[in-house]
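The primary structure of each chain is shown beneath.
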Number of protein chains: 4
Amino acid sequence: MLIDNNKLQEECGVFGIFDNDGFDCARITYAALFAMQHRGQESCGIAVNQDTHIDCYKNHGLVHEVFNDYVLSQLKGRMAIGHVKYSPKGETGAPNAQPLVSRYIKGQMAFAMNGCLSNYLELKHELELAGAVFQTTTDAEIVMHLLARERLKTGRTETALANVMKMLRGSYSIVIMSPKKLIACRDIMGMRPLSIGKIENSYVVASETCAFDTIRADFVRDVAPGEIVIFDKKNGVRTIADNCMDRKKCKMCIFEYIYFARSDSVIEGMSVHEARKLTGKILAQTNPVDADLVIGVPDSGIDAAIGYAQESGIPYGKGLVINRYVGRTFIQPTQEERLTAVRLKINVLKDTVKGKRIVMVDDSIVRGTTCAKLVDMLKEAGAKEVHMRISSPPFTWPCYFGTDVPDKENLLACQHTVEEIRDMIGADSLVYFPVERLNEIVPDINCGFCDGCFTGVYPYFHD
Amino acid sequence: MLIDNNKLQEECGVFGIFDNDGFDCARITYAALFAMQHRGQESCGIAVNQDTHIDCYKNHGLVHEVFNDYVLSQLKGRMAIGHVKYSPKGETGAPNAQPLVSRYIKGQMAFAMNGCLSNYLELKHELELAGAVFQTTTDAEIVMHLLARERLKTGRTETALANVMKMLRGSYSIVIMSPKKLIACRDIMGMRPLSIGKIENSYVVASETCAFDTIRADFVRDVAPGEIVIFDKKNGVRTIADNCMDRKKCKMCIFEYIYFARSDSVIEGMSVHEARKLTGKILAQTNPVDADLVIGVPDSGIDAAIGYAQESGIPYGKGLVINRYVGRTFIQPTQEERLTAVRLKINVLKDTVKGKRIVMVDDSIVRGTTCAKLVDMLKEAGAKEVHMRISSPPFTWPCYFGTDVPDKENLLACQHTVEEIRDMIGADSLVYFPVERLNEIVPDINCGFCDGCFTGVYPYFHD
Amino acid sequence: MLIDNNKLQEECGVFGIFDNDGFDCARITYAALFAMQHRGQESCGIAVNQDTHIDCYKNHGLVHEVFNDYVLSQLKGRMAIGHVKYSPKGETGAPNAQPLVSRYIKGQMAFAMNGCLSNYLELKHELELAGAVFQTTTDAEIVMHLLARERLKTGRTETALANVMKMLRGSYSIVIMSPKKLIACRDIMGMRPLSIGKIENSYVVASETCAFDTIRADFVRDVAPGEIVIFDKKNGVRTIADNCMDRKKCKMCIFEYIYFARSDSVIEGMSVHEARKLTGKILAQTNPVDADLVIGVPDSGIDAAIGYAQESGIPYGKGLVINRYVGRTFIQPTQEERLTAVRLKINVLKDTVKGKRIVMVDDSIVRGTTCAKLVDMLKEAGAKEVHMRISSPPFTWPCYFGTDVPDKENLLACQHTVEEIRDMIGADSLVYFPVERLNEIVPDINCGFCDGCFTGVYPYFHD
Amino acid sequence: MLIDNNKLQEECGVFGIFDNDGFDCARITYAALFAMQHRGQESCGIAVNQDTHIDCYKNHGLVHEVFNDYVLSQLKGRMAIGHVKYSPKGETGAPNAQPLVSRYIKGQMAFAMNGCLSNYLELKHELELAGAVFQTTTDAEIVMHLLARERLKTGRTETALANVMKMLRGSYSIVIMSPKKLIACRDIMGMRPLSIGKIENSYVVASETCAFDTIRADFVRDVAPGEIVIFDKKNGVRTIADNCMDRKKCKMCIFEYIYFARSDSVIEGMSVHEARKLTGKILAQTNPVDADLVIGVPDSGIDAAIGYAQESGIPYGKGLVINRYVGRTFIQPTQEERLTAVRLKINVLKDTVKGKRIVMVDDSIVRGTTCAKLVDMLKEAGAKEVHMRISSPPFTWPCYFGTDVPDKENLLACQHTVEEIRDMIGADSLVYFPVERLNEIVPDINCGFCDGCFTGVYPYFHD
C-alpha cells in the first residue's frame, strides 16, 4: 500500500449542531471547540447555515484568539459546524484551516474532518486525472471533491457519502453541513471518536464528550464505526449503517486514551481518566520500587501518578509546579542560555522532594531531553532517588492514521535499550508500561483498539 | 488613622537585576516577571539602564503579550527593574503601569513598587499643598515625589529613601533604579516579601523566590523588614538597616502563604507549598469525616487536598478537570445562559466521583457561587456526599495593606453562619480552617505574621 | 445571452515578473502593486515561485498594510505575480483575494486575473456538472478550473490557455505562474490593458504602465488583444497570436481613460492625462461660459480642469482643498450630523472663490449628492456663479465587462434630464461631455474602444 | 539667553470645545484633529470632561488610526480638548503624547500645548530645585507644573495662568481643561495661531481655521497674542488681556504661511493659499524665464505654481503625479536599489513634459536630493529645460520657536551658493524667493511676523 509521508497528518476535533430550539449555534460551537482546544491549537473555524446560505469564519490561533463577541454575533444560523486543527509538520497555511466551504452543483457545503486518509495520494491522483484543482493540502478537500462528484450520480448527499466512504481508507470523523442537513460519519474502523449528544430537542455531534459537558448536552451514544447520521428538519435523525461491521473488530486508536483525549472524556464507553489511572496501577505492579513520594509530570503524568499512588500505597504528592501562563506564544529568551524552556515552564518544590525517594510518572518519552532535565532538577533539589515510570509502552512504530510520531532517528526507544535510556535521563530506574497489558487499561471499551504504534500491527494491512 | 478606600489596592510583583557578568538583563527580567505573572495580570513593564540613561517599555497585558523578541532586544542595559501589576477595582489606565520613570534634579529614576500605603491620602495632600502634580493614581508616584524632594536635602538616594520610609505606613516592597545604583527596600513591618538572589557575580531581587529558580539564581537571603539594600559598581552590595526592628515583631501577610504566592516560593524561610499542605492536614484533624476520595478544586485547592489526603488516609484523586486554555481574554458566550463560566472552566470526572463520598478542598469561599456550582455538578454526576473543606478561616475583616477583599455585603462569611453557608452551597458538611491554629501552618517562618483579615487585629493600629 | 448580475464585478490590477538578473521579485512586485493601488483597495497578494514551489501571501487591506519588510523577505523566487483587488458589492471575503494558488495534475499554478467574464454563469454550470467544486466566487477560479481540465488534453499550459480563451467571453487580463513559466494573456477584444516591460534582461507585465515607471522598467509594448505571451528560461519570450483579430476592431474600455487608470499611464499608445486634458478642452468648446476661474474637483477633475483652462483662457485656480489623510479606514463620526463625509474630505478656499464666477470640472456625476454639496459650499463661500462641467457623457447603460455601475434607479442621468440635474445640484449651468466627440479624446489609440456604458452598444452583442 | 537644543521642538495642533448645545464633543474634536492632521502625525489624543471627571485617550498614530467608533463612544463630556503631535527628532515616546492629564490640589486638569519654550531649561531647573518630578520631555509638562504651583497662591486657574505666562518665553498656544472651565491662551508674541469659533451656542478654539470649516463652526476671531480666554457655564466667555501688547509688534511665524498651515486656513486675517499664490507671483517677477509650462511639485508647490502661471502667463500644467497611497507606514523596499522613495511617490507625465521648457515650483530645498531627482526624471522624460523656483528664501538660520530645521551642515543653503545648488540639482536655472519681499506675501496680516529662520533676527533677542 502506498503511504504518503509528505502530506499533513492531523489530529483535530470536529463539532456540529442541528438546532430545533432557537439556541445560539455559533456560541455553542465556540464553547464546544473551546472544550476541545487540546485537539488542535493551530487554527480553528466555525461555519453557520442560515436559510441554506453558509457563512464561515476561520483563522490561525486559539479559539479565544480567533473569535470575539462581535464575530460570534455575526454568525447566525440554525446549524453550525466547527473545527480545531493541529499541524505537526509546521505547515501553518491559512488555506488549510477548516471548515472548508465549497460551492458545487447542489449549492454550498461546509466540511470539517478529523483524521488521516492512508490512500490520500491515490485518491488525489485519480481526481487530478479527472481535472480536479486543489487549493489546500488537506484530506478534507479530497473527500469534498469525491462527494461533489458522487453527488451528481445520486439523489442525496448521504447516499453519495456512503459511496465515498467505500473509497476511503484511514481514520476519520467527518461533519458536513449541506443547505438543509447536518451529516456526520465515522470511519469504518472507528479509529477516531465521534459522539452524539442532545440539548433539549437539538442535536450535537463532537469528537469528544467533554464538549457535551461544557455545553450541558446529554450524551446519547457514539456514532458507530462506518455509520452515517443525518439530522434534518423533516425527518429528525436518521442513520445509514450499511458500511458498519462487527464493532468488536473495530480499532479505536489506543493513543486517544493515553495521550490525545481530555481526561474527562468517555470514548466508546471507557473513561479516559480511568484508563490513565489504570496505566498507573499496572505500572505500580510492574517492577515495584521502594519510595517516599509519587509525583506526576504536570499535566501529562498526573492521572497515572494518582493511580500509581493508589496501587502502591506510596503517598501522592506535588513535586513539580507548572507555570500556568506558559502558552503557545511564549517567547523563549534564547539569548540567555540559562533560561531554558523547561525551567520557564516547570519548577521543583525543593522542600517537598529534599531527601526523598521519588517516583516520577509521565505519559511518554520522545526525545528524552525534558525528562533528563526534570530528573536533574529533582536531584539538584536534593531528591535521593528518582524512579521514572512511563504510562505507555515504548513508541517504536510509525502511525499511518493521524498520530504525529517523530522519525525513527528521533525516537529514543528505536535507538536505545531501556537501560541506555535510563542512563541518558539519569534516573535510578526506568519502567515503561508493559505492551502486553494494554488491553487491561480499557476494560469498558465497546470495540477493539489499534496499538500499531507500539506493535507494528495495523488495521487494513492485515484485513 | 485615615484610611482611603477609593485608591487602588494592589498586590503586584517587583524584580531588579544589577549585572556584573554581561547577562541580557531585559531577558532575565522578562523570565522573572513571567515566573511572577500570578501576582499581576493587568499590566507589566521593564526599565533598563544603559550608561545612566533609562528606557522603559510597559503596557497592558500579560508578560508574553506585552513583550516580544524585538522589544526585548531593544532594551539594553547593565541594570533592569520590572513590575507585574494587578488592578482589582477595574482601573486599567495605562498611565498606572509600572515601572514609573521620572526625571528630576539628579537625572532619571525608575521606580517599581508592590504594596499599599495606608497613609496615601495624607501624603498626597501634603505633596499637593507643596505644588506637586500627579499623573497616575499609584502609591508609587507618591513615594517617587517624596524621594525627589528628600533627595534635594541629602547627598545620596539611599539616605533620602531611608528618610522617606519613615513617612510611609503600610506594606510595600520597592525597587529603584537610579543612574548608577539599584536600590531595594521592604516596609518596616515586612508585610510583603522581597528576596535577594545571585547569579554568578550579579545580584537580583524579587518579590518571590520562584523567580530565582526560573532564572537559575541562587537564593541569598530575604531583605530584612525595614532594610535598604544598595547595589552599585563601586561598592558591590551595601545595606542600611537603621529602620529595622526586631524581626519577630514583623508582620508578614499570612495571605501570601494561603493565596497570593506561588506554591514553589519560600517566604521568610517557610515553603508556601508546605504551608498549604499543613492547612490540609489540620483541616483533616478538624471535624473528620468518613469519605472515599479527597479532591482539590484546581488549581487553588490542590496543595491542601494533598495534605488532607495524607493526614486522613482517604485516597487522593482527581474529580475535577480544568480547561487549561481558559485565559484572561476568554469571552464568555453570555447570550447562551447554559454556557456558564464555571462549566467552561471546570468539568467533573463522572466515572470517578459516581457513588463516592467526596471531600472537596478549596482555599477560600468569597461569594459562594462557584462553590455551589461545583457541589451541584458533583452531585449531578452521582457523588453520594460532598464535604467541603476550606483551607483558610472565614474572611470577615477588611485589609488595609493590599489584599483586595470584597465589601462586607459581598462576603458570605460576614452575612451568614457556617451552617447557613453550608446550606447555600448544598454541601453535606462544611469546615473552615480554625483561625486559632493559623500559627501552625508556618512553623518555619522567621518573623511574625499579620492575620488582620481573619481577626481584625492589624499592625500600626496597635503599636 | 445570459448575464449574471449576482457575481462579483471587478476592476483590478495584475502584475508579473520573470527574473533573469537576480532581482528581488517580491519587492519589485510590491512596488508595482503599490503603483497600481488605485485599481483595487480591498485586498492584494503576491505569489512567488522558487524552484517550482509556489508560495503566496495575500490578505485584505492596502498593499502597504498587507505587506511588511519581514513578509517580503520571506517571499523568495525567480518569478512572481501580484494582484490588487476591488470589490464593488461589499463582498470582502478573504477567500476571494488573489493570486489563487492551485495544485493539479501538473503541479502548482498561481493565477491572477483582472476583468469580468460575461458568460461566467454558463461556464460555472458546465464545470459543476462535471463535478467541479469552487471555494471562491471569482471569475479567476472558473478559468483556473477550465485550464486544469484543458491541460490534461494538451502538452503545454499555453496551448491549454489558448483553447480556454476560446470559451471565455468578456474582458480580462490574466497572469499565470506555472512551475517553470510565466504566462500572460489579454482578452480577444482587448478591453482591459496589459503591457510588457523590461528591466535589464528580465521581463515584467502589468495592467498599467505607471507600474513600469515606479520600478524603472522600460515599456516594450502592449500585449495584443487575444495574444498569449510566454516567458521561460529556455526560450526567453514567445507569443501565441492565433486568437488575435484586427486590432482596429478591438474594444479598449473608454472608462480606463476617463476614470480607472492613473493619469501617468499610457494605454494602447494614448496618454491617460492627455486624454483627460482633451475632455476638458472639448468641454470648453461646448456651450462656453464667461467665468473668472476654472477649478477641478480634487483629484478626479484636476486634469480636465487644466485642459478646460488652457482652451478657454480662463485662469486655472485652486478652489477646493482635499484632506490628504482621508483614507479607506476613516470613521465618519455619524452621530454628529454636521460632520458630513464631504466636509471632512473637502474644504473651500473662501478668499479665492469669493465674488468669482467659477467653472468647476469633475469626471462624472453618479448620485449627485457630492456635487450638490460642493456647489452649495462654493456658493456659501461667496461664489457668484458655479458652472458645472462633467468630463464624461451621462452614464445611462450598464456595463457587462467589469465597470461597477449603480443600478439605473441610482443613476441620476437615467432618471432626469440635464436641466433637472442642474437644478438638483444647484449649479448655474451644467454641461456633460458630448458623447459624439468621444473619439476625439483618444487620438493616439492603437485600437477601437468600447463606450457601451454611454451608448448601450456593446462588443459580443453585435458581432 | 540659554538655548536648549536637546529638548523636543514641536509643531503641533490644539483644539478645545465648550459645549452648550449637547453636541458629541469627542466626535467634534476627532473631526477637528483630523482636519489638523498635517500639524502632527506622530501621536494624538482627546480628553473629555464629564461632571468634573476627566478621561483621556491618546496613542501613537494618525487620528483615524488611534480612534475608532468604540473609543469615541466611550469619551463622553460637555468639554473636550485634543492634540496632534509632531516629533521631529525621532523621539516617539508614548508618555509624550498629549493631552497631559494631571491631578493636583484642585482636582484634575487636562493640558494641550503647541509650540516651543525657549527658556525651557531654566524653568525646568528651577522646578527641579523645588522638588518637581517629570515624566515626559514636553514643554507642556513644565507649564503644567508652574500652573499647579501658581494655582496654590491664587484663587483662579486663569489668574494663575496669567502669572505663569509672564515666566514663559517662546511660542505657544495652550488649551486647558479644568473641572469647570475651558481656558485657551496664546503666547505674547503671537507666534503660533489660535482662533475662536462658534457652533450654535457652543464655543471652539483651534490652531487653524480649517478645523472650523470641517466641523461647520463659524470663525469668530483670533485669540489675541498674550490673551487668555475662559469659557464656563456661569459666565459664558471672558477674556484676560493684561499680557497683551501692541498687535503690530507681535510676531506670527512666517513659516505657518509658507509651510506649516493648510492652504485653506486663514491666520491673523491672511489666507494661507493667497499668501502662497503671492509667493508664486513675486517669483514670476524675479528673474523671469521663457518657458512652455509651469508645474508644481505635488502637493507642496501647487499653490505657488498657480500664482506663478497666473502672473507669468505661461500655461499651468500637471507634469508630476503623486501616488496618493504613500503614507507614514510605507515600507520602502530598500533591498532593491532601483526602487527609490521618490519614484515610489512621484512619477513624471512623459507625454506632457516631452520637448517642453518647464518651470518647476516648490516651497523649499532642504538637502536637495529630492529636487535633483525630480529634475533628473523630467530631463529623462524629454523636458528641454527645467527652471527651478523656490517659494521661500534660503533657509540659513536656526529657529528657536518650534520650526524643526536641520543642522547647518545639512542645510544646502548654508553650505553653498545659489549657483552651486543649481548645479547640484541639475536645473537650468534656480531662483529663490527674494527675502526682502517677504512682507508682500502677507498683505492682509493683522500683526507683525517673525522671519528669523531667513534673517537671523528673532523676537526676544532684540527686545
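For the structure itself, look to the data block above.
Given the structure is predicted, the values throughout are model-derived calculations rather than measurements.

Another point: the interface of chain B and chain A. Contacts between the two partners involve 64 residues from chain B, matched on the other side by 64 residues from chain A. Roughly 5,700 Å² of surface becomes buried between chain B and chain A when both sides are summed, with 56% attributable to carbon and sulfur atoms. Scanning the region where chain B abuts chain A turns up 21 residue pairs in polar contact (both at pLDDT 80 or more). When contributions to the side of chain B that touches chain A are tallied by element, the ones reaching two or more residues are α1 (25–35), α7 (210–214), α9 (272–285), α10 (302–312), α11 (341–345), β19 (346–348) and α12 (350–353) of chain B.

Glancing now at the interface of chain D and chain C. At the junction of the two partners, chain D supplies 64 residues and chain C supplies 64 residues. Summing the contributions of chain D and of chain C, the shared interface buries around 5,700 Å²; its carbon and sulfur component is 56%. Inspection of the region where chain D meets chain C yields six salt bridges. Our enumeration of links across chain D and chain C arrives at 20 residue pairs in polar contact (both at pLDDT 80 or more). Breaking the side of chain D that touches chain C down by element, the ones donating at least two residues are α1 (25–35), α7 (210–214), α9 (272–285), α10 (302–312), α11 (341–345), β19 (346–348) and α12 (350–353) of chain D. A per-element tally of the side of chain D that touches chain C places α1 of chain D first, with six residues. Broken down by class, the residue content of the side of chain D that touches chain C amounts to 27 nonpolar, 17 polar and 20 charged.

Tallying each qualifying case throughout the model produces 38 aromatic pairs over all chains. Ring geometry for Phe-255 of chain C against Phe-260 of chain C: centres 5.7 Å apart, planes inclined by 75 degrees, an arrangement best described as edge-to-face. The burial state of Phe-255 of chain C is the same as that of Phe-260 of chain C; both residues are buried. These aromatic residues form a ring-pair network of at least three members: Phe-255, Tyr-259, Phe-260, Phe-395 and Phe-454 of chain A.

Before going further, it helps to examine the pattern of salt bridges. Proximity of charged atoms lets side chains of opposite charge pair with each other. Tallied over the full model, the rule gives 104 salt bridges over all chains. Salt-bridge contacts for Arg-192 of chain B lead to Glu-256 of chain B; the nearest nitrogen and oxygen are separated by 2.9 Å. Here Arg-192 of chain B, found in the loop between β8 (181–186) and β9 (195–199), pairs with Glu-256 of chain B, found in helix α8 (residues 254–260); they are 64 residues apart in sequence, far enough to count as distant. Here Glu-150 of chain C and Lys-153 of chain C are joined by a salt bridge, their closest N and O atoms 3.5 Å apart. With Glu-150 of chain C and Lys-153 of chain C both in helix α5 (residues 139–153) and three residues apart, the pair spans about one turn of that helix.

Right, let's talk about the relation of the copies chain B and chain A for a bit. Of the transformation superimposing chain B on chain A, the axial component is 0.0 Å and the angular component is 180 degrees, with the fit at an RMSD of 0.0 Å. Taken together, these values place the two copies in the relation of a two-fold axis. When the interface residues of chain B are mapped onto chain A, 100% of them again lie at the interface, so the same face is used by both copies.

In this section: the sheet that holds strand β22 (residues 429–432) of chain D. All names here are of chain D. Reading across the sheet, the four strands line up as β17-β20-β21-β22 and stay open at both edges, with parallel pairing between neighbours. With one partner strand each, in any of the chains shown, β17 (293–296) and β22 form the two edges of the open sheet. Going across the sheet, the axis of each strand differs from the next one's by a mean of 20 degrees, ignoring polarity. Direction of pairing for β17 relative to strand β20 (residues 357–362): parallel, over a ladder of four bridges. Residue pairing for β20: Leu-293 is matched across the bridge by Ile-358. Sheet strands touched by α10: β17, β20 and β21 (385–390). Its angle to β17, the strand with the most contacts, is close to 160 degrees.

This brings us to the state of the cysteines. As enumerated under the stated definition, the model contains zero disulfides over all chains in all. Free cysteine Cys-185 of chain A: the closest other cysteine sulfur is in Cys-244 of chain A, separated by 10 Å. Note on Cys-56 of chain B: no disulfide assigned, nearest cysteine sulfur contributed by Cys-44 of chain B at a separation of 10 Å.

By size, the foremost hydrophobic cluster in this structure holds 81 residues, and its most contacted members are Ile-254, Tyr-257, Tyr-308 and Val-442 of chain A together with Ile-254, Tyr-257 and Val-442 of chain B. Each residue touching Tyr-308 of chain A, except ones within four places of it in the same chain, is listed here: Gly-280, Lys-281, Leu-283, Ala-284, Val-289, Val-294, Ile-314, Val-359, Val-361 and Arg-389 of chain A. The next biggest cluster of nonpolar side chains, apart from the first, holds 80 residues, and it includes Ala-305 of chain C together with Leu-283, Phe-433 and Cys-447 of chain D.

With that out of the way, let us pick up the pairing of strand β4 (residues 79–85) of chain B. One face of the sheet, then the other: side chains in a regular strand alternate in exactly this way. Residues and elements named next belong to chain B. For β4, the buried fraction is high: seven of the seven residues fall into the buried class. Side chains Met-79, Ile-81, His-83 and Lys-85 of β4 all project onto a buried face; the interleaved residues Ala-80, Gly-82 and Val-84 project onto the opposite face, where all are buried too. Examined bridge by bridge, strand β1 (residues 13–18) and β4 share six bridges and lie antiparallel to one another. Across the sheet, Ile-17 pairs through a bridge with Ala-80, a residue of β4. Alignment of strand β2 (residues 43–50) against β4, held across seven bridges, turns out to be antiparallel. Across the sheet, residue Val-48 finds its bridge partner in β4, namely Ala-80.

On to the relation of the copies chain D and chain C. Turning chain D through 180 degrees and shifting it by 0.1 Å along the axis lays it on chain C, with an RMSD of 0.1 Å. Most of the interface of chain D is mirrored in chain C: 100% of its interface residues are interface residues there too.

Before going further, it helps to examine the packing of helix α5 (residues 139–153) of chain D against helix α6 (residues 157–167) of chain D. Residues and elements named next belong to chain D. Contact geometry for α5 and α6: axes closest at 9 Å, N-to-C directions at 125 degrees. Here α6 runs oblique to α5, going by the angle between their axes. The way α5 lies across α6 gives a crossing that is right-handed. Every residue of α6 that contacts α5 at Val-143, Leu-146, Leu-147, Glu-150 and Arg-151 is listed here: Thr-157, Ala-160, Leu-161, Asn-163, Val-164 and Met-167. Of the residues contributing to the contact of α5 with α6, the split by class is seven nonpolar, two polar and two charged.

Below, the discussion takes up the environment of Asn-201 of chain A. Residue and element names in this part refer to chain A. Relative to the helices and strands, Asn-201 is located in the loop between β9 (195–199) and β10 (202–206). Separated by 183 residues in the primary sequence, Asn-201 and Lys-384 place their C-alpha atoms 59 Å from one another. Contact partners of Asn-201, with chain neighbours within four places excluded, come to Asn-20 and Asp-21.

Residue and element names in this part refer to chain C. Structurally, Gly-197 is set in strand β9 (residues 195–199). Between the C-alpha atoms of Gly-197 and Asn-323, which are 126 residues apart in sequence, the distance is 35 Å. Residue contacts for Gly-197: discarding those within four places in its chain leaves Ser-202, Tyr-203, Val-204, Phe-212, Asp-218, Phe-219 and Val-220.

Among the secondary structure elements, Val-133 of chain A is positioned in the loop between α4 (120–129) and α5 (139–153). Residues Val-133 of chain A and His-145 of chain A, spaced 12 residues apart in sequence, show a C-alpha to C-alpha distance of 9.2 Å. When near neighbours in sequence (up to four residues on either side) are disregarded, Val-133 of chain A contacts Glu-141 and His-145 of chain A together with Ser-102, Arg-103, Tyr-104, Met-144, His-145 and Ala-148 of chain C.

Cut-offs and rules
- Each chain has its residues counted from 1, running along the sequence as written.
- Lettering of chains starts at A and numbering of ligands starts at 1, both following the order in which they are written.
- Where totals are concerned, whole chains, interfaces and linings use all residues; where local detail is concerned, this predicted model gives features only for residues with pLDDT of at least 70, and gives and counts side-chain atom pairs only at 80 or more.
- To get the side-chain values, take all heavy atoms of the structure and skip hydrogens and water.
- Here, two residues are considered to be in contact whenever any of their heavy atoms come within 4.5 Å of each other.
- As used here, buried area is the combined drop in accessible area, with a 1.4 Å probe, of two parts when they are placed together.
- Identification of polar contacts relies on pairs of N or O atoms within 3.5 Å, with a donor-acceptor requirement for protein atoms, meaning one able to donate a hydrogen and the other able to accept it, and with residues adjacent in sequence counted only if both atoms are side-chain atoms.
- Only DSSP runs of H or I with at least four residues qualify as helices, and only runs of E with at least two residues qualify as strands; both kinds are numbered from the N terminus onward.
- Here a salt bridge means any side-chain nitrogen of Lys or Arg lying within 4 Å of a carboxyl oxygen belonging to Asp or Glu.
- Gly falls in the polar group here, along with every residue not listed as nonpolar (Ala, Val, Leu, Ile, Met, Phe, Trp, Tyr, Cys, Pro) or charged (Asp, Glu, Lys, Arg).
- Two aromatic rings, drawn from Phe, Tyr or Trp (for Trp, its six-membered ring), form a pair once their centres lie within 6.5 Å of each other, and the interplanar angle then sorts them: stacked below 30 degrees, edge-to-face above 60, tilted otherwise.
- Burial here depends on accessible area, computed with a 1.4 Å probe over protein chains only, as a share of the maximum for the residue type. Under 20% is buried, over 50% is exposed, and the range in between is partly exposed.
- Least-squares fitting of one copy onto the other uses the C-alpha atoms of those residues that reach a pLDDT of at least 70 in both copies.
- A pair of strands counts as paired when DSSP detects no fewer than two bridges linking them.
- To get an axis, fit a line to the C-alpha atoms, keeping to the stretch in contact for a helix; angles then go from 0 to 180 degrees between the N-to-C directions.
- Cysteine sulfurs are considered disulfide-paired once they come within 2.5 Å of each other.
- Nonpolar cores were defined as sets of buried Ala, Val, Leu, Ile, Met, Phe, Trp, Tyr and Cys residues, with membership established by side-chain atoms within 4.5 Å.
- Orientation is classified from the angle alone, with under 35 degrees giving roughly parallel, over 145 giving roughly antiparallel, 65 to 115 giving roughly perpendicular, and any other angle giving oblique.
- By convention the crossing between two helices is left-handed if the near helix lies anticlockwise of the far one by an angle smaller than a right angle, and right-handed if it lies clockwise.

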